[in-house]
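Residue-level structure breakdown
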Amino acid sequence: MMDLISQDKTHDESRQGEALLLDPVAGKNNGRKLYIESYGCAMNFSDSEIVASILSESGFETTGDFNNADVIFINTCSIRENAETRVRNRLKEFKVAKGKNPGMVVGVLGCMAERLKSKFLEEEKLVDVVVGPDAYRDLPNLIEQVDSGQKAVNVLLSREETYADISPVRLNTNGINAFVSIMRGCDNMCSFCVVPFTRGRERSRDPFSIVNECQDLFDKGYREVTLLGQNVDSYKWSQSAPPKPSPEGRALEEADQKVSPTGGDLEGAVNFANLLEMVAAVHPDLRVRFSTSHPKDITDEVLYTMAKHDNICKYIHLPVQSGNSRILELMNRTYDREWYINRVDAIRRIMPECAISTDVITGFCTETDEEHKETVSMMEYVQYDFAYMFMYSERPGTLAAKRYADDIPEEVKAARLTEIVALQQRMSLGRLQQQIGKVQKVLIEGFSKKSKNDYAGRTDQNAMMVFPVDERFKPGMYVNVIAEQCTTATLMGSIVD
Ligand code: SAM
Ligand code: SF4
């Protein structure tokens, strides 16, 4: 995988393999230590917080050193072959630790667990437990099963599980930005993608629990939430008699009044635009972001809702995958080049200042040079702010693996990738250069990675801005910063407040 412009935090290369550490739950200690590390997208990191929360409740303490752990969990990603290779290599390191401590339980969670199921136990002898993304509530039982000398597997997918009632514990964060999962699974069948098989059917989480979680985060000092789903624009929740909001659900009551006039009748269905309104109403100082938008589903209603609220960030991650209609059809993306351009034009018309990022795959089955050129011309048309770019990696069991030959030589995939990476770097630089001389509202996230004399934070459009520390302002506060210089990925400026 090449992750070249890693501005978008939903797949943060720097967090791959990060271990999660939590405070112990008072009065609950079984004397055992859990080590959990995560790979892949933000959804996996968010799931690991749910897992840690479930196991803290049953008395586990977390540790940052797997050599001291009684239970090691690795939350895995299957999206491309090299994501799986990374996990297999990591398991080799755990094997050494288990050799020294044979009572250690080693578990594989997430997408790879779901994809390989009990085959994992045969292929990797050190693994004791294999658990899919919808079975985390069963973890305490599965660990007991292993303690009694058996191997344990639960890879049942659910049509209902959203873990809505489990509050994820967030201690590895900066206390300012948080991910909030709003839905699970995916009902699209993009032919290259393993997600529908590993994460099951799409289901949306109760909006009341989402708003309560965002309110709670705001009360704890968080100032930015990113609503997460594979396809947030198809969020849909309906229940004839929604549960009453908790006494803390102040924002929800306000949102209820605010949503209704726009058609978001909480007695009926709540769509993504309605949900955005509800979360935006939590507090004007809570920034709202979301990912990922599917071009086939993003509506003008969502765009107008974004335009209406200052605290909904003007940034959309809109994966194009390819700029050629024949390839898009083979990919089963259910939109064509014209449709995608129409959606981009709508974004530019409704929110001219909105940043757009994308995902691109090079060398999908049968892609010709001319078809690749259409991807290049699409990128030039849109002028993306950032892009994640990948070479096609055939995944077993997907529609593409069954129907089409993976017939583009690796060197051709790589050459096409190199070409678009260079193009994107030029465009990212150009987009940031356009910001120079302009004043941006920045949420201070902390010190810059390079110097304690500088703060780093993001603009509304998700660009990283670095600027000298001013003691009057602390992380979690908003400041107005004038952009003075830039690199391909960062703006440099100074505070003008
Ligand atoms: N749900 C999101 C969407 O529809 O755009 C993206 C989900 S996926 C986790 C993130 C990205 O990985 C995709 O947008 C695609 O570009 C890339 N991807 C997925 N399967 C791939 C494959 N088999 N080979 C290469 N890249 C792949
Ligand atoms: Fe995969 Fe397509 Fe679903 Fe995204 S929308 S997760 S690419 S199947």
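None of these values were measured; they are calculated from a predicted model.

Helix and strand counts for the chain stand at 15 helices and 22 strands. Here the chain holds 497 residues, and the buried ones make up 59% of them. Here the contacts in the chain between residues at least 6 apart in sequence split such that 73% fall between residues at least 24 apart. When the accessible surface of the chain is split by element, carbon and sulfur atoms take 51% of a total near 19900 Å².

With that settled, consider the pairing of strand β22 (residues 490–495). Sheet topology note: the strand β20 (residues 464–468)/β22 ladder contains 3 bridges and is parallel. Bridged to V466 within β22 is M492. Where strand β21 (residues 478–486) lies against β22, 5 bridges are found, and the strand directions are antiparallel. Bridging across to β22, A483 finds its partner in G493.

The next thing to look at is the packing of helix α10 (residues 300–308) against helix α12 (residues 337–350). Angle between the axes and distance between the axes: these two values describe a pair of packed helices. Look at α10 against α12: their axes get within 10 Å of each other, and the N-to-C directions meet at 25°. Relative to α12, the element α10 is oriented roughly parallel. Here α10 runs over α12; the crossing is right-handed. Contact residues: α10 offers D300, L303, Y304 and A307, while α12 offers R343, A346, I347, R349 and I350.

The next thing to look at is the pattern of salt bridges. Overall, the coordinates contain 33 salt bridges when judged by the stated rule. The partner of E93 in a salt bridge is R90, with the nearest N and O atoms 2.6 Å apart. Here the residue E93 and the residue R90 both occupy positions in helix α2 (residues 81–100), the gap between them amounting to 3 residues, near one helical turn. Among the salt bridges present, the one from D165 reaches R137, with a minimum N-O distance of 2.7 Å. Taken together, the positions of D165 in the loop between β7 (152–154) and β8 (177–181) and R137 in the loop between β6 (129–131) and α5 (139–147) put the pair 28 residues apart, joining distant regions of the chain. Residue classification places D165 among the exposed residues on the basis of a relative accessible area of 58%. When salt bridges with common partners are traced through the structure, they connect D47, D134, R184, R199 and R203 into a single cluster.

Turning next to α5. Helical periodicity: at 3.6 residues per turn, an α-helix aligns residues three or four positions apart in one direction. The set of residues buried in α5 consists of L139, L142, I143 and V146. Angular distribution of buried residues about the axis of α5 spans 100°; they occupy a single face of the element. In this fold, the buried residues of α5 make contact with α1 (42–57), β4 (71–76), β5 (105–110), β6 and β7.

Turning to the site of ligand 1, a few remarks are in order. Looking at ligand 1, there are 15 residues lining it, with Q230, P319, Q321, D359 and S393 nearest. The side chain of R80 places a nitrogen or oxygen atom 3.0 Å from an oxygen atom of ligand 1. Take R333: an N or O atom from its side chain is 3.2 Å from an oxygen atom of ligand 1. Across the complex, the protein chains shield 90% of the 560 Å² of accessible surface that ligand 1 would expose by itself.

One finds L227, F272 and I316 to be the most contacted residues of the largest nonpolar core, which totals 73 residues. Broken down by element, the residue count for this core peaks at 7 residues, all from helix α9 (residues 272–280). Those residues in contact with F272, other than ones at most four positions away along the chain, are I182, L227, V232, D233, Y235, F290 and V302. If you look at the next biggest cluster of nonpolar residues, it comprises 24 residues, including A52, L109, V131 and I143.

With that settled, the discussion passes to the site of ligand 2. Around ligand 2, the neighbouring residues are C186, N188, C190, F192, C193, V195, P196, Q230, H294 and R333. Of the residues contributing to the shell around ligand 2, the split by class is 6 nonpolar, 3 polar and 1 charged.

This paragraph deals with unusual backbone geometry. A cis amide bond links S291 with the next residue in sequence, T292, at an omega value of 10°. Turning to its location among the elements, T292 is positioned in the loop between β14 (287–291) and α10. Positive phi, normally seen in glycine, also occurs at K117, with a value near 50°. Looking at where K117 falls in the secondary structure, it is placed in the loop between α3 (111–116) and α4 (119–123). You will see that N462, though not glycine, has its phi angle at about 75°, which is positive. Position of N462 among the secondary structure elements: in the loop between β19 (454–459) and β20. Looking at N462, the relative accessible area reads 4%, which means it is buried.

As a packed pair, α1 and α5 sit with axes 9 Å apart at the nearest point and diverge in direction by 65°. As the angle between them shows, α1 and α5 are arranged roughly perpendicular. Here V51, I54 and L55 of α1 lie close against α5, whose contacting residues are L139, P140 and I143. Split by residue class, the contact of α1 with α5 holds 6 nonpolar, no polar and no charged.

Over its 13 residues, helix α7 (residues 207–219) runs 18 Å from end to end, which matches the ideal 18 Å to within 8%, given 1.5 Å per residue. Counting buried positions over the 13 residues of α7 gives 10, a clear majority of the element. Among all positions in α7, only P207, F208, S209, I210, V211, E213, C214, Q215, L217 and F218 are buried. Two or three places before F208, at the start of α7, stands the capping residue D206, its side-chain oxygen 2.7 Å from that residue's backbone nitrogen. G221 occupies a position one or two residues after α7 and carries a positive phi of about 105°.

Rules behind the numbers
- Residue numbers here run from 1 along each chain, matching the order of that chain's written sequence.
- Written order determines the labels here, with chains lettered from A and ligands numbered from 1.
- Reporting in this predicted model follows two pLDDT cut-offs: at least 70 for local features of residues, and 80 or more for side-chain atom pairs to be given and counted; totals over whole chains, interfaces and linings ignore these cut-offs and use all residues.
- The basis for the side-chain values is all heavy atoms of the structure; hydrogens and waters are excluded.
- Put simply, DSSP H or I for four residues or longer makes a helix, DSSP E for two residues or longer makes a strand, and each gets a number counted from the N terminus.
- The cut-offs for exposure are 20% and 50% of the maximum accessible area for each residue type, with area from a 1.4 Å probe on protein chains only; residues under the lower value are buried, those over the upper are exposed, and the others partly exposed.
- Working rule for contacts: check all heavy atoms of both residues, and any pair within 4.5 Å makes them a contact.
- Only the protein chains shown count as cover for residues, and the accessible areas themselves come from Shrake-Rupley with a 1.4 Å probe.
- Only strands that DSSP links by at least two bridges are regarded as paired with each other.
- Axes, fitted as lines to C-alpha atoms, cover a helix only where it is in contact. Angles between the N-to-C directions of the axes lie from 0 to 180 degrees.
- Here is the rule for angles: anything less than 35 degrees is roughly parallel, anything more than 145 is roughly antiparallel, 65 through 115 is roughly perpendicular, and the remaining ranges are oblique.
- Rotating anticlockwise by less than a right angle from the far helix to the near helix defines a left-handed crossing, while the corresponding clockwise rotation defines a right-handed one.
- We count a salt bridge whenever a side-chain nitrogen from Lys or Arg sits within 4 Å of a carboxyl oxygen from Asp or Glu.
- What the arc describes is the spread of directions from the helix axis to the C-beta atoms.
- What makes a residue near a molecule or strand is one non-hydrogen atom of that residue sitting within 4 Å of it.
- A 3.5 Å cut-off defines polar contacts: any pair of N or O atoms within that distance qualifies, except that in protein one atom must be a possible hydrogen donor and the other a possible acceptor, and neighbouring residues in sequence count only when both atoms are side-chain atoms.
- To define a nonpolar core, start from buried Ala, Val, Leu, Ile, Met, Phe, Trp, Tyr and Cys residues and group those joined through side-chain atoms within 4.5 Å.
- All amino acids are sorted into three groups, where Ala, Val, Leu, Ile, Met, Phe, Trp, Tyr, Cys and Pro are nonpolar, Asp, Glu, Lys and Arg are charged, and the leftover types, Gly among them, are polar.
- To estimate how far a helix should reach, multiply one less than its number of residues by 1.5 Å.

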